[in-house]
Amino acid sequence: MSVYGPVVKIHPVVVASIVDSYERRNEGASRVIGTLLGTIDKHSVEVTNCFSVPHNESEDEVAVDMEFAKNMYELHRKVSPSEVIIGWYATGYDITEHSVLIHEYYSREAQNPIHLTVDTALQSGKMSVRAYLSAPMGVPGKTVGVMFTPLSVKYVYYDTECIGIELLQKTRTSPSRTNGLTSDLTQVAGSAAQTQEMLSTVLAYIEDVLAGKVTADNSVGRYLMDLVDKVPMIPAEDFETMLNSNINDLLMVTYLTNLTQTQIALNEKLSPFLPTRPSPYPSSFILFKLLMPKA
Amino acid sequence: MASRKESGVSSSNTLDSPVKQIQIEGLVVLKIIKHYQEEGQGSEVVQGVLLGLVVEDRLEITNCFPFPQHTEEDADFDEVQYQMEMMRSLRHVNIDHLHVGWYQSTFYGSFVSRALLDSQFSYQHAIEESVVLIYDPIKTAQGSLSLKAYRLTPKLMEICKEKDFSAEGLKKAAVGYENMFEEVPIVIKNSHLISVLLWELEEKSTVPSKHELLSLSSSSHLEKSLQMLMDRVDDMSQDIVKFNTFSRNTSKQQQQKHQYIQRRQQENTQRQSRGEPPLPEEDISKMFKPPQPPPRMDTLLIAGQINTYCQTVKEFTSQNLGKLFMAEALQGHNS
């Protein structure tokens, strides 16, 4: 086993689950443990899911409900058959002797299990997430022990996860830690405001550089040039036509959807008068379909 | 805009409903996203159960677990057993084991179907405050999390209870496609520790946040949505044709009945004048069987679906218009 073991890639949903189970721990328990599920690659281990396992810890002994762990794993396997046990997690900052015992159990379930610690009690000042691999050490034949070697931890996101996390970040700033879901133009306005903020930071930096307060950095300058180049140089009339045709398309679609909605509302209002009077055949539907092949 | 007005309409409807707001934990959102991402590629829907509790007039959703897909090899897979086992296990680790609803992913916004109606009805019948969360992964990938919570209106609940889906039943309850479902506003809430975690993630993550929302190239999404809208409109027109034929048949039958009765009477008067015994009165209703009226429920569902499509398309176009105007402003600076 090389010193720099595999890279551990964690999805944020896993850490959020761990934090949640820590918040719901039994009275008197100082830490929570659970199983990590995911997939193993040649050079990396990707952790995608987890579940907590009830356990009891006292000064001299530790008891883990292994039946429960097996059961839960089976249930999880039914939903995502590709996930395997890749290790276990514990909340707290240090690795205790009990951890060694638990780690041994997990070595029976998976090859080279990783051990993840999440510092929910914020002992080190922030919530650090660290991963370890175990390696035997000592004098063979006499005192042998286990050493936990640290691994590098990276956070990976799916695209949609990115967007979800961005939305969750907004709850940090509100006093009641809540955030409603907005829709429509307000979201575009929000994004525009964000971009504006970023542009003003960049502008402030440029001003400083020009005034000589900050030394110019070539790589930043190159990025800035890329940024300015990204706005395409289109002759004004071409841009006008493009813009107008796009706006026209969108307006037409809006008009037609409004028409459709009116039509179904009409249809509904007229149908109670049936069966003596048949409802009018919706001619706007035909119109709609004739115009649509262009889109 | 129109969507804001619609939410105004639905909020007045929810005055007499037990749930006025939904509060979701960030964890649930992440889990739903992950479930679709991993298991939902290619297949239509992924589903799962929501767990939580009810506090005053708020429904708090604190956890969830996914359901395996139905297309498994072992056909004797017991869903109920899976659910029971899962809930029992979660109880051991102090997770709320109260069922408060279910979630489902949708494809371009098509979720108004008979199956959804039935499931939601059985949930709402058993647990009064339950909701169905509709997660739209494609719209989310475009830049904004699309998660909506729906409940059946009390009127629709009544109809489902009596299973009376005929035209008279619907007329009695005065249910239109607009008050089939009511939307409940959602709020995301995170605990303090999760906030700490979020700070940590912001520091550590090196993935640049992609500004998908401001991208202008979303016409394929619009095309797809319009395609689905057209399909539904096709279904609707077929349904209307069916209904027209039915009504025409009924009126024709009425005429025929009328004619038959008249002829009978004429014959009877003739026979009386000739002194012969009148013909026996035949049972007319057995001779002219009334045609089967087509079920009106499907029309209602289709109309509801068309309405949802129209709403999403309008939202989409309004966003795009905003983006186009922004692009214009950017060009204006250049030239």
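Residues numbered from 1 in each chain as written. Chains lettered and ligands numbered in written order. Predicted model: local features only at pLDDT ≥ 70, side-chain atom pairs only at ≥ 80, totals over all residues. Heavy atoms only, no water.

Enquirer: How would you sum up the packing of helix H2 (residues 66–79) of chain A against helix H3 (residues 79–92) of chain B? Please name residues and give values.
Expert: Two quantities define a packed helix pair, namely the angle between the helix axes and the distance between the axes. In contact at an axis separation of 11 Å, H2 of chain A and H3 of chain B are set at 135° when each is read in the N-to-C sense. By the criterion of interaxial angle, the relationship of H2 of chain A to H3 of chain B is oblique. With respect to the hand of their crossing, H2 of chain A and H3 of chain B are arranged in left-handed fashion. Side by side, H2 of chain A and H3 of chain B meet where Phe-68, Asn-71, Met-72, Leu-75, His-76, Lys-78 and Val-79 of chain A of the first sit next to Tyr-82, Glu-85, Met-86, Ser-89, Leu-90 and His-92 of chain B of the second. Each residue belonging to the contact of H2 of chain A with H3 of chain B can be placed in one class, and the counts come to seven nonpolar, four polar and two charged. (Axes fitted to C-alpha atoms, helices over the stretch in contact; angles between N-to-C directions. Helix = DSSP H or I, 4+ residues; strand = E, 2+ residues; numbered from the N terminus. Parallel < 35°, antiparallel > 145°, perpendicular 65-115°, else oblique. Left-handed = near helix turned anticlockwise from the far one by under 90°. Contact = heavy atoms within 4.5 Å. Nonpolar A, V, L, I, M, F, W, Y, C, P; charged D, E, K, R; others polar.)

Enquirer: How would you explain the packing of helix H1 (residues 12–23) of chain A against helix H2 (residues 26–39) of chain B if you had to name every residue and give the values?
Expert: Close contact between H1 of chain A and H2 of chain B brings their axes to 9 Å; oriented N to C, the two are set at 140°. The two elements H1 of chain A and H2 of chain B meet at a crossing, and its hand is left-handed. Residues Pro-12, Val-13, Ala-16, Ser-17 and Asp-20 of chain A of H1 of chain A pack against Leu-27, Leu-30, Lys-31 and Lys-34 of chain B of H2 of chain B. Looking at side-chain class alone, the contact of H1 of chain A with H2 of chain B contains five nonpolar, one polar and three charged residues.

Enquirer: Which residues make up the sheet that holds strand S6 (residues 84–91) of chain A, and what are the values?
Expert: Sheet strands associate in pairs through backbone hydrogen bonding, adopting either a parallel or an antiparallel arrangement. Residue and element names in this part refer to chain A. Pairing is mixed across the open sheet formed by eight strands, whose spatial order is S9-S8-S7-S6-S2-S3-S1-S10. Edge positions in the sheet fall to strand S9 (144–151) and strand S10 (153–155), since each has one partner strand and no second. Sheet twist, expressed as the average angle between the axes of neighbouring strands with direction ignored, equals 35°. In this sheet, strand S3 (residues 44–53) lies alongside strand S2 (residues 33–40) in antiparallel orientation, the contact comprising eight bridges. Bridge pairing in S3 links Ile-40 to Val-45. Contacting S2, S3 and S6, H2 runs over the sheet at an angle of about 120° to S3. (Pairing = 2+ DSSP bridges.)

Enquirer: Would you mind going over the pairing of strand S3 (residues 58–66) of chain B in detail, with residue names and values included?
Expert: Residue and element names in this part refer to chain B. Of all nine residues in S3, eight are buried; the element is thus mostly enclosed. Here eight bridges tie strand S2 (residues 47–55) to S3, and the two strands are oriented antiparallel to one another. For Leu-53, the partnering residue across the bridge sits in S3 and is Glu-60. Hairpin geometry of S2 and S3 is characterised by an intervening segment of two residues between the two adjacent antiparallel strands and by a positive phi of about 50° at Glu-56. (Buried < 20%, exposed > 50% of the residue type's maximum accessible area, 1.4 Å probe, protein only.)

Enquirer: Go over unusual backbone geometry with me, naming the residues and quoting the values.
Expert: The phi dihedral of Asn-112 of chain A is positive, around 45°, even though this residue is not glycine. With respect to the element layout, Asn-112 of chain A can be found in the loop between helix H3 (97–109) and strand S7 (114–118). Phi is positive for Asn-94 of chain B, close to 65°, though the residue is something other than glycine.

Enquirer: Please give an account of H3 of chain A that cites residues and values.
Expert: All names here are of chain A. Considered for burial, the residues of H3 that qualify are His-98, Ser-99, Ile-102, His-103, Tyr-105 and Tyr-106. Projected down its long axis, H3 carries its buried residues within an arc of 160°, all on one side. Along H3, exposed side chains directed more than 90 degrees from the buried face belong to Glu-97 and Arg-108. (Arc of directions from axis to C-beta.)

Enquirer: Go over the interface of chain B and chain A, please, and point to the residues and values.
Expert: With 107 residues of chain B in contact, the opposing surface of chain A contributes 96 residues. Here chain B and chain A share an interface that buries about 9,400 Å² over both sides, 67% of which is from carbon and sulfur atoms. Per-residue buried area on chain B facing chain A is highest for Leu-30, Leu-193 and Gln-331 of chain B; these three make up 7% of the total on that side. Seen at the junction of chain B and chain A, the total is one salt bridge. The shortest N-O distance in the salt bridge between Lys-34 of chain B and Glu-83 of chain A comes to 3.4 Å. Where chain B meets chain A, there are seven residue pairs in polar contact (both at pLDDT 80 or more). When contributions to the side of chain B that touches chain A are tallied by element, the ones reaching two or more residues are H2, S3, H3, helix H5 (137–141), strand S8 (186–189), helix H8 (192–204), helix H9 (219–274) and helix H11 (296–334) of chain B. In terms of residues, the side of chain B that touches chain A owes the most to one element, H11 of chain B, which gives 25 residues. Per-class residue counts for the side of chain B that touches chain A are 53 nonpolar, 32 polar and 22 charged. (Buried area = accessible area lost by both parts, 1.4 Å probe. Salt bridge = Lys/Arg side-chain N within 4 Å of Asp/Glu carboxyl O. Polar contact = N/O pair within 3.5 Å; in protein donor to acceptor, adjacent residues only side chain to side chain.)

Enquirer: Quick one: what's the story with the side chain of His-99 of chain B, residue by residue and with numbers?
Expert: Residue and element names in this part refer to chain B. Within the secondary structure layout, His-99 lies in strand S4 (residues 99–105). By relative accessible area, His-99 is classed as buried at 14%. Within the local environment of His-99, its side chain forms a polar contact with the side chain of Gln-83, the two groups lying 2.8 Å apart. For His-99, the contacting residues outside a window of four places in its chain are Val-49, Leu-50, Leu-51, Gln-83, Met-87, Tyr-123 and Ile-127.

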